[in-house]
Amino acid sequence: MVSSQRYWVWGLALALSALLPFWSALSLELEPFKTMPPAPTSLFSEKKPTAPNATRTPAPLPDSRSGWRQIPFDKIIVGLYLLFLLYRLRNLWRAWRLTLAIGQSATPVIATAAWREVLEYCRTKLGVGEAALFSSPSVMVPVTLGLWHPRIILSSRWAKSIGA
């Protein structure tokens, strides 16, 4: 699999990881809520009139565990998931801006004949097309940028050793 296909696979995985939980939550909301009808107490029950002076039994006290049932855990979990997604999107936005800054600070490098042979060998082994060589003071290690116009960005120190 070539690198451009890997980008598409990772992009699709990112989109599906964000969309599938929402899709599954929507399908639950659209389904009708089904309940069981109450079971009959008896088939032939007769209602006896109650005397006006009859004592009524007090209503049962609510169970202390029923308070947990009233907490909307599904909404809390969806809210926490949305907060997590917002946090990760913020980190993705910051990384995108940093990548753009690195790309803008890069300057082209003219490689010697020996380095061009090395680049050509690497391109054929990796199965990628033409890649331009750049240098930037913003990076410490080699970085690749671009999907349609790929660039290899080296640190300024490395670029000095490659230059003619």
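Described in the following lines is the structure provided in the data block.

So, how was this worked out
- Residues numbered from 1 in each chain as written.
- Predicted model: local features only at pLDDT ≥ 70, side-chain atom pairs only at ≥ 80, totals over all residues.
- Heavy atoms only, no water.
- Helix = DSSP H or I, 4+ residues; strand = E, 2+ residues; numbered from the N terminus.
- Buried < 20%, exposed > 50% of the residue type's maximum accessible area, 1.4 Å probe, protein only.
- Contact = heavy atoms within 4.5 Å.
- Core = buried A, V, L, I, M, F, W, Y, C linked by side-chain atoms within 4.5 Å.
- Phe/Tyr/Trp six-rings, centres within 6.5 Å; stacked < 30°, edge-to-face > 60°.
- Lys NZ or Arg CZ within 6 Å of the ring centre and 35° of its normal.
- Salt bridge = Lys/Arg side-chain N within 4 Å of Asp/Glu carboxyl O.
- Patch = residues over 30% accessible without salt bridge, like charges linked within 9 Å, V, L, I, M, F, W, Y side chains within 5 Å.
- Areas by Shrake-Rupley, 256 points an atom, 1.4 Å probe, with all protein chains shown as cover.
- Pairing = 2+ DSSP bridges.

### Considering the overall build of the protein
Stage number 1. Each helix and strand in the protein was counted, giving five helices and four strands.
Stage number 2. Listing the helices and strands of the protein from first to last along the sequence gives α-α-α-β-α-β-β-β-α.
Stage number 3. A total of 164 residues make up the protein; the buried ones form 11% of that total.
Stage number 4. Of all intrachain contacts in the protein linking residues separated by at least 6 positions in sequence, the fraction that spans at least 24 positions is 55%.

### Quick notes on the environment of Phe-22
Stage number 1. Along the chain, the position of Phe-22 falls in helix 1 (residues 3-30).
Stage number 2. Between the alpha carbons of Phe-22 and Val-78 there is a distance of 8.8 Å; along the sequence they are 56 residues apart.
Stage number 3. Once residues within four sequence positions are removed from consideration, Phe-22 is found in contact with Tyr-81, Leu-82 and Leu-85.

### As for the nonpolar core
The nonpolar side chains of a soluble globular protein tend to be buried, and buried together.
Stage number 1. Ile-102, Ala-106, Phe-134, Val-139, Leu-145 and Ile-153 together form the largest nonpolar core, which totals six residues.
Stage number 2. The contacts of Ala-106, once residues within four sequence positions are left out, are Phe-134, Ser-135, Ser-136 and Ile-153.
Stage number 3. In this structure, Val-109, Leu-133, Leu-154 and Ala-159 belong to the second largest nonpolar core, which totals five residues.

### Concerning the packing of aromatic side chains
Stage number 1. All told, the structure shown has zero aromatic pairs when counted by the stated rule.
Stage number 2. Between the NZ or CZ atom of Arg-151 and the centre of the ring of Phe-134, over which it lies, the distance is 5.3 Å.

### What to know about the pattern of salt bridges
Stage number 1. Taken as a whole, this structure holds two salt bridges when the rule is applied.
Stage number 2. Between Glu-120 and Arg-123 there is a salt bridge, and its shortest N-O distance comes to 2.6 Å. With a gap of three residues between them, Glu-120 and Arg-123 both fall in helix 4 (residues 113-126), about one helical turn apart.
Stage number 3. Judged by its relative accessible area of 17%, Arg-123 is buried.

### Overview of a nonpolar patch on the surface
Stage number 1. Residues Leu-14, Ile-71, Phe-73, Ile-76, Ile-77, Leu-80, Leu-83, Leu-86, Leu-89 and Leu-92 make up a contiguous nonpolar surface patch of about 990 Å² in total accessible area.
Stage number 2. Per element, the largest residue contribution to the nonpolar patch is eight residues, and it comes from helix 3 (residues 73-105).
Stage number 3. As for its placement among the helices and strands, Leu-92 is situated in helix 3.

### Concerning the pairing of strand 2 (residues 132-136)
Stage number 1. The buried fraction of strand 2 is high, at four of five residues.
Stage number 2. In this structure, strand 2 lies alongside strand 4 (residues 151-155), joined through five bridges in parallel fashion. Residue Ser-135 lies in a different strand from strand 4, and its bridge partner there is Leu-154.

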